Every structure is written in C-alpha cells, then in structure tokens.
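Fold and contact review
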Amino acid sequence: MSARADFSSDSPGFGRRCRRQDARVRRAGFTLLELMISVSILGVVVIGVFESLTRQHRTSIVTESVVEVQNNVRAIASLIEREVRMAGYMVPDSVAVCGVDSTTGGDVLFVSETEPIVPDDARAGDMGARMSSAAGAWVNPTINAAFDLDLDSTTSDLDADGTLFYDNDGNGTAEADFRIGGGFILADKANPHRGTICGRVTAASTTQLTLIPMAGALAASVASDAEEEILVVPAARYALNAAGGTGRLERNRELLAQGVDDFQISYYFDVDDDGVVDAATAEEPGTKDGNAYDPANWDNEELKEVRFSIVVRTRAEDQAFSEGNFVALENRTAPVGGSDGFRRRVVVGSVRPRNVGNAGSI
Ligand SMILES: [Ca+2]
Ligand SMILES: [Ca+2]
Ligand SMILES: [Ca+2]
Ligand SMILES: [Ca+2]
C-alpha cells in the first residue's frame, strides 16, 4: 500500500520533480534570437514615440510663438488705430497727421497728440503753438537739419489752462507741451493747402522749439491766401528703429514691439471733393500703385483715411520652415534674399480720423 503510493503520480515526490522541471523551463526565458527581435521592435517603437513627441513639441513651440506674435501685433494695432482716429482732436485739420514715406525701409507716422490737451477749453479746434510774429515770414527749413522756431509764448500752453504736460529735464516740473524725442507737425493754419511739415523735437520751452524736419514743406503763398498763421503741435511719432537689426517699433522713442519687419503707411484723400477717393496716383499716396507720399503736396482738410500695415515675425527662426520670406506691403520693395526661417504675421488697419475734414462722408 505504501510502495504503490510512492510511485503514484499524485504522490508529493512526483509533484515536486515536475515543478522543478517547469521552473527550469521558465528560467531558460527567451532565446538570443527572440531577445534580439524584441529589442529591435522596442527600438522601432521608442524611435517612433520620440519622433512623434519631438514633432509635437516643435508644433507647440511654433504655435506658441505665432500666437505670441499675433497677440502683440493686435495690441499695437489697436493702440495706433485709436490714436489715428483721434488725429486732429482740438487742433486744426492741417496738423492732424503727417509722415515720412519710404520704399526701402519703414515709414514714419506722425499723429497729433491729445495728451497735453484738456478737452473742455474754448480754443477747441484751434489749439497749437504759434510762430512768434517777430519771426517774420515763413522760410522752409532744410530737411534733416535742426532749426529753431520762436514761439508766441501765450499759445505754447496748448489749452491755455496754466499747466504744461512734459517734464523733459526730469526736475519734477513740466516746462513744455512738446516732448523731446517726440514729434511735431507744422502748417499754415490760415492756408492748409500749403502742405505740412513734420519731424522730431530736440529742445522745447514755452518760447522756442528746436526741431529737425524729416519731411514736407509749405508751398509759397498765393495772392488769394489769407495772412499766414504758422502753427505747430506735438505729435506722436511712430517709427521703426532698425538699430541692432531687431526691428523695434517705437512711439516717441519708447518701445512698442520687437521683431517688426516693416511699418507702412498710406493715405487716402478726396482732393476734387467728389466724395470718392479716386485713382491711386491722384489721391492715394503711399499705396502700392500710388505716388510716394510727400506731406508738402497735401491738404489734410481733404484727408479721408489712413492705412497702416505692420509686419511682425516670430522671435526665433524655424530652420525647417522654407517660406519665411519678407512680406512687402504698400510701396515697400522687398530686400533681396530667400527664406530666413521666420514666420510672419501681418496686421493692416484702416482708420478714418473722426476729427478731420468731413470724415465719414465717403
Ligand atoms: Ca512707404
Ligand atoms: Ca495745458
Ligand atoms: Ca522740468
Ligand atoms: Ca476724389
């Protein structure tokens, strides 16, 4: 009874032997070939996952930088839009806007400033510092050469409320309504058809401004003209500063945005007063098909619309991006060269200055 039990398959001894054999089989694991195949498959999977992650990461970087650029440029555009819409506020139409047009670089835009003006003054529509009567008849200055303009001190506090706006020397007291480093626009208020001059301010007091004209001139008076009344107002100066190749868009020398490739301005006039902005060459200076804009040739009372275009590029270039080409808008010619790997975004704003002429009639 006991001997039979020793050789029975369900005896405890037989069970132990079988389990030992099973364990040996399990410990043997994969063959070398199996191992190599597994490793290769794993390798392929890992490379695939890695590539997909890299691609996703790159896409998210591109998306992020494009979104960043779009947000920035939108914010800047709305700032410029607001200021252009207010151009000519409380000052004569003739000094509402002005600009320097370029076909090889960024344009410069001047817009009459509203900050130094308190709105409820009786001189509404007429504000602006007058050239001193002792200065004689107007003589056009040389472009890009500094000149002194003597002022009638009773008008250099633009809104005549007894307070001035800019503390240019930083001593805690404001001494002028003109900002050093800011812009100016000058015209003959009595004869706006003579054109406009604009540029930047390098010194300012209530009795004298030192100005560097950047564009424009006043045409000679004609017999039918009224007695000239030369008037100058402070202006916000929007310009690209290409120093260091970073493409800084500045307002009165203060940074608005970096990575700006181009800033172009075009103007729409209705010279013949037919209610329509006619052919590009006749009434659309600064546009692609229009003549270059020279403020000397235009009467701002006929101005209907100002269009600005901003081209911004992403902060970092993307070597894999082959269509990173310069975007040429308005009358700007693109520089020579192929893709630089930068993605670009364009924002165009068209604004009708509501305080100029009979705005809104077209
Ligand atoms: Ca231009
Ligand atoms: Ca004032
Ligand atoms: Ca001061
Ligand atoms: Ca017209």
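Everything discussed here concerns the structure shown above.
This report concerns the structure included in the present document. Here, residues in each chain are numbered from 1, in the same order as that chain's written sequence. Whichever chain is written first becomes A and whichever ligand is written first becomes 1, with later ones labelled in order. Since the coordinates come from a predicted model, pLDDT governs what is reported: local features require at least 70, and pairs of side-chain atoms require 80 or more to be given and counted, while whole-chain, interface and lining totals use all residues. Only heavy atoms go into the side-chain values, all of them from the structure, while hydrogens and water stay out.

Regarding its fold elements, the chain presents 4 helices and 13 strands. A total of 362 residues make up the chain; the buried ones form 43% of that total. Only the protein chains shown count as cover for residues, with accessible areas throughout obtained via the Shrake-Rupley method and a probe of 1.4 Å. For the chain, the exposed area adds up to about 18,600 Å²; of that, 54% sits on carbon and sulfur atoms. Strands here are runs of E lasting at least two residues and helices are runs of H or I lasting at least four, both read from the DSSP assignment and numbered beginning at the N terminus. Buried residues are those whose accessible area, probed at 1.4 Å on protein chains only, stays under 20% of the maximum for their type, while exposed residues exceed 50% and partly exposed ones sit between those limits.

Take the state of the cysteines next. When the sulfur atoms of two cysteines come within 2.5 Å, that pair is taken as a disulfide. Counted according to the given criterion, the structure contains 1 disulfide. Note that cysteine 98 is cross-linked by a disulfide to cysteine 198, the S-S spacing being 2.1 Å. Disulfide cysteine 98-cysteine 198: torsion about the S-S bond near -70°, hence left-handed. Note that cysteine 98 is positioned in strand E1 (residues 97–100) and cysteine 198 in strand E6 (residues 196–204), a separation of 100 residues in sequence. Of the two residues, cysteine 98 and cysteine 198, both sit in the buried class.

Around a metal, the perfect tetrahedron of four donors has angles of 109.5 degrees, and the perfect octahedron of six donors has angles of 90 or 180 degrees. With water omitted from the atoms examined, metal sites may look incomplete; donors here are N, O and S atoms no farther than 2.8 Å from the metal, or 3.2 Å in the case of Na, K and Ca. Around the calcium ion (ligand 4), the protein supplies Asp270 (OD), Asp272 (OD), Asp274 (OD), Val276 (O), Asp278 (OD), Glu283 (OE) and Glu283 (OE) as donor atoms, at distances of 2.3 to 2.8 Å. Counting residues between consecutive donors of the calcium ion (ligand 4) along the chain gives the motif D-x1-D-x1-D-x1-V-x1-D-x4-E.

Here we take up the coordination of the calcium ion (ligand 1). Around the calcium ion (ligand 1), the donor atoms from the protein are Asp101 (OD), Ser102 (O), Asp107 (OD), Asp107 (OD), Gln264 (OE1) and Asn331 (OD1), and they sit 2.2 to 2.6 Å away. Working rule for geometry: tetrahedral if four donors all subtend angles between 85 and 135 degrees; square planar for four, octahedral for six, if opposite donors exceed 155 degrees and the others stay between 65 and 115; irregular in every other situation. With 6 donor atoms in place around the calcium ion (ligand 1) and angles of 51 to 167° between them, the coordination shape is irregular. The sequence pattern formed by the donor residues of the calcium ion (ligand 1) is D-S-x4-D-x156-Q-x66-N. Placement of the pair is aspartate 101 in the loop between E1 and strand E2 (108–112) and glutamine 264 in strand E11 (residues 260–269), with a sequence separation of 163 residues.

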